[in-house]
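Structural characterization, general
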Amino acid sequence: MVQRVAVVGAGSSGLACIKICVDEGLEPVCFESSDDIGGLWKFKESPEPERSSIYRSLVVNTSKEMMCFSDFPMPADYPNYMHNSLLLQYFRLYADHFDLLRYIHFQTTVRSVAQRPDFSLSGQWDIVTINGDGEEERHVFDAVLVCSGHYTHPALPLSDFPGYETFSGRCFHSCEYKDADACRGKRVVVVGIGNSGGDIAVEISRSAEMTFLSTRQGAWVMGRMATNGLPMDMTAITRFNNILIRLLPNTLVNWAVERALNPKCDHKLYGLKPRHRLLDKKPLINDDLPSRILQGALVMKPNLKGFKDSGVEFEDGTVEENIDAVVFCTGYNGNFPFLPPALSEGPHKETLFPPCLSQPTLAVMGLFQTKGPIMPIVEMQARWAVKVFAGLSRLPCKEKMLEVIESERKRNMKSYNCPRKAALQVDFIPYLDFMAEQVGVRPNFLRLLLRDPVLWVRVFFGPCTPYQYRLSGPGQWAGARQAILTQWERVVQPFRTRVVPEPESKPSVLFSPWLLTFGAAVTIAALLQPPTFNVVYKCGVFNNMGL
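The model shown is predicted, which means the values in this text are computed figures rather than measured ones.

Quick notes on helix α14 (residues 428-439)
Its twelve residues give α14 an end-to-end C-alpha distance of 17 Å, which sits within 8% of 16 Å, the value for a rise of 1.5 Å per residue. Of all the positions in α14, only Phe428, Ile429, Tyr431, Leu432, Asp433, Met435, Ala436 and Val439 are classed as buried. Summarising the contacts, the buried residues of α14 are in contact with α7 (239-247) and α11 (375-389). Once α14 finishes, Gly440 follows within two positions and takes phi at roughly 95 degrees, a positive value.

In structure tokens:
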């Protein structure tokens, strides 16, 4: 029977896993290699090997109501899209509220995770750790939750570009970027148009002499704001919209959304338009990129082809000379060096539950990409994984798991040529609902409609916030209904920093009772009066003309 669970990493995923293990009566032991919680969201002045890294100005691109933990709303006064320091503060509030720090061993690095000799019977794991004093310790655990993330090993494809050895400028990965101070007055090329590439290019363009953004395919650009300045994801990610997208032809949906984006920024004119349609891949979330292009501070360029002494050449044959730095925003390799090769290097390493295990007592959290917030999915993954560990939810056989994995991979290959990227893609609401079904917490919409129609309207037509998965079933939270009914109040709260004077309400002259009475009398008199000569004459003319 599973009792002791090892949690590798104390970032957002690790904290959720600890809390869920405690809720289920298990004994979590978390190993964190640094001296603090937060993982990726803990800003560090200098990058550290095999640790996630962010830049100083990073602001989240999913809103607070969509990305919070399902039973712990973010403070109402938090901005809807917050700076990374505020998100770290939220994690501290979460850890303090649920008393999670006592389960974490800081400055303890997991060296290896291996199956015990009797794994086929016990499902247990041998784990070797190194503490802050360099001492090695050995542990035995019934299950393992891997929460170290896949942003620790940067992919820097310098060898793909001839001439980099003799390039006089500096080449570095975005994980080393902290701010634009070092780029002031220089000519900089940013390679890659993911969210990091867009953010970094925009920030550098405010201080550099000239900034070039190189992209292989382009991207559809969406801002964080929707109509009336409300959070885009809260208006877009709804169950109603999800059904519409599935019922309507993709061509029609793509046409409609692209048509809505282009009036704000003509993607073809701005050199942004990609080869793919909008629904095929994740859009770029960036509020400032089009304006920087409009101001001439940022220039769009095609894919980088190679280096030429002090310059760079692009695939269209153009060359930009006197380039001081090239920033590669080219992603990461999802490596887990502490896991056995069969799990860290196998063909199905991107899955939550590795199919090759005879006992499902290890789960890799957060190894996916989606058009929506990450944290709610990871939290649901943890709830499902703990149920599987406890034997309350059963996985299908290995053959069925492989069949589903390959089917999803082939479906996603239509949009993503890279097999690994294709394997990482999941649909936000369907994936959440699938896991919620396994856990027993998927909302019952018919029952909700009959018993609580007001809440049903909010759940079905409103944003798919994480609280929906705490309304009923295991782990039910008594505050879930109220959290859903008040979620827009928390959206509005940070805007209430100035009392806006309302105009005095005076009765309008146009709607004066005397004026309305006079107008009605004139209208009735006109209708009762017999036709005049001019009217008869005109009618006769019209009739003679055949009209």
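Things to note about the sheet that holds strand β9 (residues 187-191)
Sheet architecture is open: five strands sit in the order β8-β17-β9-β10-β13, paired in parallel fashion. Each edge of the sheet is formed by a strand with only one pairing partner; in this case those strands are β8 (170-173) and β13 (298-301). Here the average twist between neighbouring strands, direction ignored, is 20 degrees. The sheet contacts of helix α5 (residues 195-205) involve β9, β10 (210-214), β13 and β17 (325-328), and relative to β10 the element is tilted by about 165 degrees.

Quick look at the layout of surface pockets
Taken as a whole, the second largest pocket holds about 770 Å³ of empty space. Lining the second largest pocket are 28 residues, with Val404, Ile405, Glu408, Tyr431 and Phe434 positioned closest to its centre. Mapped onto the lining of the second largest pocket, the elements with two or more residues apiece are α11, α12 (398-412), α13 (419-424) and α14. Among the elements that take part in the lining of the second largest pocket, α12 stands out by supplying seven residues, more than any other.

Some thoughts on the sheet that holds strand β15 (residues 311-314)
The antiparallel open sheet is built from three strands, whose spatial order is β14-β15-β16. The open sheet has two edge strands with one neighbour each: β14 (304-308) and β16 (319-320).

Quick look at the pairing of β15
The two faces of β15 match: Gly311 and Glu313 on one face and Val312 and Phe314 on the other face are all buried. In this structure, β14 lies alongside β15, joined through four bridges in antiparallel fashion. Paired with Gly306 across the bridge in β15 is Glu313. Where β14 hands over to β15, the hairpin turn is made up of two residues, of which Asp309 adopts a positive phi near 50 degrees. Of the strand pairs in this sheet, β15 and β16 are connected by two bridges, and their pairing is antiparallel. Bridging from a neighbouring strand, Glu313 pairs with Val319 of β16. In this structure, the hairpin formed by β15 and β16 is closed by a connection of four residues, where Gly317 is found at a positive phi of approximately 90 degrees.

Some remarks on the environment of Phe353
Residue placement: Phe353 occurs in the loop between α10 (341-344) and β18 (362-364). Taking the C-alpha atoms as reference points, Phe353 and Gln381, separated by 28 residues in sequence, lie 10.0 Å from one another. Aside from chain neighbours lying at most four places away, what touches Phe353 is Leu362, Ala363, Trp384, Ala385, Val388, Leu395 and Met401.

Reading the values: the criteria
Residues numbered from 1 in each chain as written. Predicted model: local features only at pLDDT ≥ 70, side-chain atom pairs only at ≥ 80, totals over all residues. Heavy atoms only, no water. Helix = DSSP H or I, 4+ residues; strand = E, 2+ residues; numbered from the N terminus. Expected span 1.5 Å × (residues − 1). Buried < 20%, exposed > 50% of the residue type's maximum accessible area, 1.4 Å probe, protein only. Contact = heavy atoms within 4.5 Å. Pairing = 2+ DSSP bridges. Axes fitted to C-alpha atoms, helices over the stretch in contact; angles between N-to-C directions. 1 Å grid on protein atoms, 1.4 Å probe; cavity = no way out; pocket = protein on both sides within 12 Å on 5 of 7 lines; lining within 4 Å. Points joined across faces, edges and corners; volume = space filled by probe spheres on them.

So, to be careful, I would describe these as geometric facts and stop short of saying anything about function.
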